[in-house]
Amino acid sequence: MMTDENTTIAVRIAESIGERIISGALQPDVPLRQDHIAREFNSSHVPVREAFRQLEARYLVVAARRRGVRVAPLDTNSVKEIAEMRAALEVVALRNAVPILTSAHLARIEHALIEADNAQTIQEFETANRAFHHALVAPCAMPRLLASLDGLQLANSRLVFAMARSVGWRPRPSQDHRLILQALRARKVDQACNLLARHIQTIERLAFPLPERK
């Protein structure tokens, strides 16, 4: 039975393990052992199992009979699914956000854009990149949609870190981000949405070679 204390510990474990998976510190298909994690967090197995359930709901781990719990794979199917879902849902959110955009909203978008352009590490870039995409859609005030996009953005972050490990990363400004912001300032909704969809789908074209799921 989960107590309040176990629930708090489970959240802490899920956040810690989730960060390691997203950053690549824990590689795809690596097994996660309940006893090892319980020992690390000085807990029983109860909150560890709950943390695994939370991570599985976020598609960061997979549980299979006889194989236990493992870090979720990153393959071409995963990349395609993440890109297509983000391109569809983020555009819906942006269309609903544009009529509500104020100068303050646009300033937040521009601030995140500048932070991403000035990033000197992949960690700084990804934090700013996530902030940029969140600022684009936050005004839509559609909580279920935004919650789904938060999960997809985390999955996208995992891809970005994986690509950086595979092919390297160097600081550079994002022309796509600037074009999207320009279209929003001009209230060119269709143009902004088309630019956003194209920008998101580049992750699929740029993704490192990944094995096909069997």
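For the structure itself, look to the data block above.
Residues numbered from 1 in each chain as written. Predicted model: local features only at pLDDT ≥ 70, side-chain atom pairs only at ≥ 80, totals over all residues. Heavy atoms only, no water.

**Some details on the packing of helix 6 (residues 122–137) against helix 7 (residues 143–167)**
Then step 1. Relative to each other, helix 6 and helix 7 sit at 155°, their axes nearing to 11 Å. In terms of axis orientation, helix 6 runs roughly antiparallel to helix 7. The handedness of the crossing between helix 6 and helix 7 comes out as right-handed. Residues Ile 122, Gln 123, Phe 125, Glu 126, Asn 129, Arg 130, His 133, His 134 and Val 137 of helix 6 form the contact with helix 7, whose participating residues are Leu 146, Leu 149, Asp 150, Gln 153, Leu 154, Asn 156, Ser 157, Val 160, Phe 161 and Ala 164.
Then step 2. Broken down by class, the residue content of the contact of helix 6 with helix 7 amounts to nine nonpolar, seven polar and three charged. (Axes fitted to C-alpha atoms, helices over the stretch in contact; angles between N-to-C directions. Helix = DSSP H or I, 4+ residues; strand = E, 2+ residues; numbered from the N terminus. Parallel < 35°, antiparallel > 145°, perpendicular 65-115°, else oblique. Left-handed = near helix turned anticlockwise from the far one by under 90°. Contact = heavy atoms within 4.5 Å. Nonpolar A, V, L, I, M, F, W, Y, C, P; charged D, E, K, R; others polar.)

**Quick notes on helix 6**
Then step 1. The end-to-end C-alpha separation of helix 6 is 23 Å, in line with the 22 Å expected for 16 residues at 1.5 Å each.
Then step 2. Taken residue by residue, helix 6 has Ile 122, Phe 125, Glu 126, Ala 128, Asn 129, Phe 132, His 133, Ala 135, Leu 136 and Val 137 as its buried positions. (Expected span 1.5 Å × (residues − 1). Buried < 20%, exposed > 50% of the residue type's maximum accessible area, 1.4 Å probe, protein only.)

**Things to note about the packing of aromatic side chains**
Then step 1. Within this structure, the stated rule accounts for one aromatic pair.
Then step 2. For the pair Phe 125 and Trp 169, a centre-to-centre distance of 5.9 Å together with 40° between the ring planes defines the contact as tilted. With Phe 125 in helix 6 and Trp 169 in the loop between helix 7 and helix 8 (175–185), this residue pair connects regions lying 44 residues apart in the sequence.
Then step 3. Here Trp 169 falls in the partly exposed class, since its relative accessible area comes to 27%. (Phe/Tyr/Trp six-rings, centres within 6.5 Å; stacked < 30°, edge-to-face > 60°.)

**Comments concerning the nonpolar core**
Nonpolar side chains in soluble globular proteins tend to be buried together.
Then step 1. Judged by nonpolar contacts, the single largest core of 36 residues is most densely connected at Ile 13, Ile 17, Ile 21, Leu 32, Ile 37, Phe 52 and Leu 55.
Then step 2. A per-element tally of this core places helix 7 first, with seven residues.
Then step 3. Those residues within four positions of Ile 21 in sequence are excluded, and the remaining contacts are Leu 26, Leu 60, Val 61, Val 71 and Arg 158.
Then step 4. In terms of nonpolar packing, the next biggest core, distinct from the first, is built from 30 residues, Ala 87, Val 137, Leu 152 and Leu 195 among them. (Core = buried A, V, L, I, M, F, W, Y, C linked by side-chain atoms within 4.5 Å.)

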